[in-house]
Amino acid sequence: MDNTTRLQYLEAMGIESWQLRYTPPAISDLSGFQNLKGLDAPPVEIPEIPVIAPPIPPEVIQPAMIPVDNWDTLQQEVATCRQCGLCQTRTQTVFGSGNKNPDWLFIGEAPGEQEDLQGQPFVGAAGALLTEMLRAIGLKREDIFIANILKCRPPGNRDPHVDEMNACRPFLNRQIALIQPKIIVAVGRIAAQQLLNTDIAIGKLRGKVYEVNNTPLCVFYHPAYLLRSLSQKAKAWQDLQLALKTYQEIKERK
Ligand code: SF4
């Protein structure tokens, strides 16, 4: 089976496949960088990381029918979903927010306490930091869409369980299909590992551009982690610059 056919089969089945696009060279500063506290450290050298082989598909796969979808149906299904145990402890589902026809899609891990209470992703101090970092590269929250792997909060903000992510993942896949983003940013370890189907540490995943179903994907530290680890902000800033550079290259090609 040739590679193009293999990818079409995988896409039709909703199975993610990804490949490394490139490792970026050092990226120069952008205006707005200086406005961010803690981001004024010098650029960090990105180490060489071996290419990771994409998952090997089954040899015989029948393409599945892809249903016609829309935002209202999807939002209602999420709001009433009881497909995993998190429905019993949530205050409400957190569908995602922002522009429903954006170029940029940011994907985090799961709602936290404030998100669960407010029904919005990335609120509170971590959300404010993300908003500020986006502003520094010329993006507003209303320009992008932000969603999570899980639509319900895990109790005590524990890591999502595999069965919960498997149960919830179709909703995210449908959001991606509706948005058809030009670039995806995986925010945090869980999101990066889930989207790339790997258990490699985020420190080794970041600093590169991947391709998931023909969409470039960059990895970004979770802002909640950055609030606890100020020394990582310079790397996070590099990662945002890499995402911006990747996006600009896409726009220039079209
Ligand atoms: S986390 Fe996802 S699958 Fe689980 S109940 Fe919430 S919406 Fe449904």
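Predicted model only: the values in this text are computed from it and were never measured. (Residues numbered from 1 in each chain as written. Predicted model: local features only at pLDDT ≥ 70, side-chain atom pairs only at ≥ 80, totals over all residues. Heavy atoms only, no water.)

### Topic: the overall build of the protein
- When you go through the protein residue by residue, the secondary structure sums to nine helices and seven strands.
- Expressed as a percentage of its 254 residues, the buried residues of the protein come to 50%.
- Summarising the internal contacts of the protein: among those between residues at least 6 apart in sequence, 78% fall at separations of at least 24.
- As displayed, the protein has an accessible area near 12700 Å², and 51% of this comes from carbon and sulfur atoms. (Helix = DSSP H or I, 4+ residues; strand = E, 2+ residues; numbered from the N terminus. Buried < 20%, exposed > 50% of the residue type's maximum accessible area, 1.4 Å probe, protein only. Contact = heavy atoms within 4.5 Å. Areas by Shrake-Rupley, 256 points an atom, 1.4 Å probe, with all protein chains shown as cover.)

### Structural notes on the site of the ligand
- Every residue lining the ligand is accounted for by C81, Q83, C84, L86, C87, R90, K151, C152, A167, C168 and F171.
- Tallied by class, residues from the shell around the ligand come to eight nonpolar, one polar and two charged. (Near = heavy atom within 4 Å. Nonpolar A, V, L, I, M, F, W, Y, C, P; charged D, E, K, R; others polar.)

### So, helix α5 (residues 162-179)
- An ideal rise of 1.5 Å per residue puts 26 Å on 18 residues; α5 measures up with 25 Å between its terminal C-alpha atoms.
- Buried within α5 are the following residues: E164, M165, A167, C168, R169, F171, L172, Q175, I176 and I179.
- Directly after α5, the chain includes Q180, whose backbone phi takes a positive value near 50°. (Expected span 1.5 Å × (residues − 1).)

### Side note on the packing of aromatic side chains
- Within the structure shown, the criterion is met by six aromatic pairs.
- Consider the rings of W104 and F106, whose centres lie 5.9 Å apart with planes at 20°: the pair is stacked.
- Take W104: its relative accessible area is 2%, and that puts it in the buried class.
- Look at Y221 and Y225: their rings are 5.2 Å apart centre to centre, the planes differ by 40°, and that puts the pair in the tilted class.
- Residue classification places Y225 among the partly exposed positions, given a relative accessible area of 27%. (Phe/Tyr/Trp six-rings, centres within 6.5 Å; stacked < 30°, edge-to-face > 60°.)

### Section: the packing of helix α2 (residues 71-79) against α5
- At a minimum axis separation of 11 Å, α2 and α5 run at an interaxial angle of 165°. Taken together, α2 and α5 sit at an angle that is classed as roughly antiparallel. Relative to α5, α2 is oriented so that their crossing is left-handed. Residue-level contacts link W71, T73, L74, E77 and V78 of α2 to F171, R174, Q175, L178 and I179 of α5. (Axes fitted to C-alpha atoms, helices over the stretch in contact; angles between N-to-C directions. Parallel < 35°, antiparallel > 145°, perpendicular 65-115°, else oblique. Left-handed = near helix turned anticlockwise from the far one by under 90°.)

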